[in-house]
Amino acid sequence: MGQSLVKNYVHIVFSTKYRQPLIHPPYESELHSYLGGICKKLECQPIIVGGYTDHIHILCMLSKKIALMKLVEELKSHASKWMKTKDESLKNFYWQNGYGAFSVNPSEIDIVIRYIQNQHEHHSKKTFQDEYRAFLKKYKVEFDERYVWE
């Protein structure tokens, strides 16, 4: 085969360190745009970026030119540095060490988009921890509760 043809949709989720609620307007939408820009720069076309006060959801196309781990490293390191420049109250802004990344069936893209769009409404009823556990269960990811949170 002469060319590499790849189309991998990935849903990436990560939270602020200790799930601190630090993502608020006006920086919330700016942060989402900034993260989308990092995805574009790394040729991982963003579909939607959203989240809540303590975490981020990114749905993007994973480029064939970058490993998932490198994409997440770039997203978190650049966005953390950027957030710290926004306000004195954010000087201790950090992301958790880990992340979740889940492949998305192309037929379910619209479902994931709506899910990410409705994060504020969704989290009026459910914590990030409960949401994340549900993802792990849905995707049959084995985990040890002692090592998931920080």
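Model, not experiment: these values are computed from the prediction.

**Here we look at the UniProt feature "domain: Transposase IS200-like" (unreviewed entry) in the protein**
Right, on to step 1. When the UniProt feature table is mapped onto this chain, "domain: Transposase IS200-like" (unreviewed entry) is found at residues 6–119.
Right, on to step 2. With 37% helix and 25% strand, residues 6–119 has end C-alpha atoms that lie 29 Å from one another.

**Notes on the pairing of strand β3 (residues 55–62)**
Right, on to step 1. The buried count for β3 comes to eight of eight residues, which makes it a mostly enclosed element.
Right, on to step 2. Two strands pair when backbone bridges link them, and strand β1 (residues 8–15) and β3 are joined in this way by eight bridges, in the antiparallel orientation. Among the inter-strand pairings, V10 is bridged to a residue of β3, identified as C60.
Right, on to step 3. Sheet topology note: the strand β2 (residues 46–52)/β3 ladder contains six bridges and is antiparallel. Counted as the bridge partner of Y52 is H55 from β3.
Right, on to step 4. What sits between β2 and β3 in their antiparallel hairpin is a turn of two residues.

The rules behind each value
- Residues numbered from 1 in each chain as written.
- Predicted model: local features only at pLDDT ≥ 70, side-chain atom pairs only at ≥ 80, totals over all residues.
- Heavy atoms only, no water.
- UniProt positions renumbered as here; feature names shortened; annotations may be inferred.
- Helix = DSSP H or I, 4+ residues; strand = E, 2+ residues; numbered from the N terminus.
- Buried < 20%, exposed > 50% of the residue type's maximum accessible area, 1.4 Å probe, protein only.
- Pairing = 2+ DSSP bridges.

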